[in-house]
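# Fold and contact review
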Amino acid sequence: MKTTFFTLLGFLLVTGTFAQKRVSDLTIVYDAVITTGAAEPKLADAFDGATTTVYLKGGLSRSEMQSALASFTTIHDGRTGSAVVLQEVGGQKVLIRMTAADWKDKNRRYEGIEFTTTGETKQLAGYTCKKAVATLKDGSTFTVYYTEELVPENNYYNSQFTNLRGLPLEYELQQGKLIIKYVVSQVSLNPVPVSKFDIPKAGYREMTYEESKKGRRN
């Protein structure tokens, strides 16, 4: 009886290990859907029909949000904590350089975020996803569906999910008064070219993170 029990336990542990795959190279495409915030039509139009593509390679990440009116790209180095943000709105192209301290300041609202898994699941892009409710330190919440079948080696690519034990395939994000739902449309495990993380050397007006913060306040 004991031998059978431990054999079965060992089998479950082994199969559980193989079910979860840590990945270094990963590409995820999300479709954005505006769920609330119609009172801000200009901002809603900027996100309407938008797609977000996330590229991961080792400690490097690149997130691109593309819509008909604007594009925003963030290139982050998880090893140093530094980042570069590329913005193109109305023909204006801006490059914002961020130190590790800047990155931490920008994402301060996600510090101490906690995820509580519910009993709900659903299939997304062929993966079984668990539903979790995220609670921020200010008391606000949002929902996320994540799969434990794929676990990025670089969990610093998105401060919103650093503490999540899996890959988010559907989640919410608040932008101003807008609530935007991101739903996965494609997942690829093919190698990501290193060139995806090159920083443009020309064509953008450069500014620091502090300068960009002053511009938002003006």
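Let us look at the structure shown here.

Conventions and cut-offs
- Counting restarts for each chain: residues are numbered from 1 in the order of the written sequence.
- Restriction of local features to residues with pLDDT of at least 70 applies here, the model being predicted, together with a cutoff of 80 or more for giving and counting side-chain atom pairs; totals for whole chains, interfaces and linings are based on all residues.
- Values shown for side chains rest on all heavy atoms present in the structure; no hydrogens or waters enter the calculation.
- Counting from the N terminus, the helices are the DSSP runs of H or I reaching at least four residues and the strands are the DSSP runs of E reaching at least two.
- Partly exposed describes any residue whose relative accessible area lies between the buried limit of under 20% and the exposed limit of over 50%, with all areas from a 1.4 Å probe on protein chains only and scaled to the type maximum.
- Contacts: residue pairs with any heavy atoms within 4.5 Å of one another.
- To measure how exposed things are, a 1.4 Å probe is used in the Shrake-Rupley method; for residues, cover is taken only from the protein chains shown.
- What counts as a ring pair is set by centres within 6.5 Å for rings of Phe, Tyr and Trp (its six-membered ring), and what kind of pair is set by the plane angle: stacked under 30 degrees, edge-to-face over 60, tilted for all other angles.
- Only when the NZ atom of a Lys or the CZ atom of an Arg is both within 6 Å of the ring centre and within 35 degrees of the ring normal do we say a charge sits over the ring.
- Salt bridge, as used here, is a side-chain nitrogen of Lys or Arg placed within 4 Å of a carboxyl oxygen of Asp or Glu.
- Throughout, nonpolar core names a set of buried Ala, Val, Leu, Ile, Met, Phe, Trp, Tyr and Cys residues whose side chains join them through atoms within 4.5 Å.
- As used in this structure description, the phrase polar contact means that two N or O atoms lie within 3.5 Å; if the pair is within protein, one of them must be able to donate a hydrogen and the other to accept it, and residues adjacent in sequence are counted only when both atoms belong to side chains.
- We call two strands paired when DSSP finds no fewer than two bridges between them.

## Quick notes on the overall build of the protein chain
The helix and strand tally for the protein chain stands at four helices and 14 strands. Here the protein chain, with 218 residues, has 39% of them falling under the buried criterion. Taking the intrachain contacts of the protein chain between residues at least 6 apart in sequence as the baseline, contacts between residues at least 24 apart amount to 50%. By element, 54% of the accessible surface of the protein chain is carried by carbon and sulfur atoms, the whole surface being about 12600 Å².

## Let's talk about the packing of aromatic side chains
On inspection of all chains with the given rule, the structure shows six aromatic pairs. Plain terms: the ring middles of Phe161 and Tyr171 are 4.9 Å apart, the flat faces sit at 75° to each other, and that makes the pair edge-to-face. A residue pair is termed long-range when its members are at least 10 positions apart, and Phe161 in the loop between β11 (150-152) and β12 (167-175) and Tyr171 in strand β12 qualify at ten residues. Members of the aromatic cluster, connected to one another through ring pairs, are Tyr30, Phe115, Phe142, Phe161, Tyr171 and Tyr182. Positioned above the aromatic ring of Tyr204, the side-chain terminus of Lys93 is 4.7 Å from the ring centre. Directly above the aromatic system of Tyr145 lies the positively charged group of Lys122, at a separation of 4.3 Å from the ring centroid.

## Here's the deal with the environment of Thr135
Structurally, Thr135 is set in strand β9 (residues 127-135). Its relative accessible area of 31% is what places Thr135 among the partly exposed residues. It is 9.1 Å that separates the C-alpha atoms of Thr135 and Tyr110, two residues lying 25 residues apart in sequence. Those residues in contact with Thr135 that lie beyond four places of it in its chain are Gly112, Ile113, Glu114, Ser140 and Thr141.

## Quick look at the pattern of salt bridges
Pairing between side chains of opposite charge can happen when their charged atoms approach one another. If you walk through the whole model with that rule in mind, you get twelve salt bridges. Here Lys130 makes a salt bridge to Glu148, at a shortest N to O gap of 3.1 Å. Of the two residues, Lys130 sits in strand β9 while Glu148 sits in the loop between β10 (141-147) and β11, which places them 18 residues apart along the sequence. Between Glu170 and Lys181 there is a salt bridge, with the nearest N and O atoms lying 4.0 Å from each other. One end of the pair, Glu170, is in strand β12; the other, Lys181, is in strand β13 (residues 178-188), and eleven residues separate them in sequence. A single salt-bridge network, built from bridges that share partners, covers Asp105, Arg108, Glu111, Lys137 and Lys213.

## With respect to the nonpolar core
Of all hydrophobic cores here, the largest spans 34 residues; its most connected members are Phe115, Phe142 and Val144. Only β2 (25-36), β3 (51-57), β8 (114-124), β9, β10, β12 and β13 provide two or more residues apiece to this core. Ignoring anything within four residues of it in the chain, the contact list for Phe115 reads Ala132, Val133, Ala134, Phe142, Val144, Gln160, Phe161, Asn163 and Leu164.

## Details of the side chain of Thr147
As for its placement among the helices and strands, Thr147 is situated in strand β10. A polar contact of 3.3 Å, which involves the side chain of Thr147, links it to the backbone oxygen of Thr128.

## Describing the pairing of β12
Sheet topology note: the β10/β12 ladder contains four bridges and is antiparallel. Following the sheet pairing, Tyr145 is matched in β12 by Glu170. With six bridges connecting them, β12 and β13 associate as antiparallel partners. Across the sheet, the residue bridging to Tyr171 is Tyr182, located in β13.

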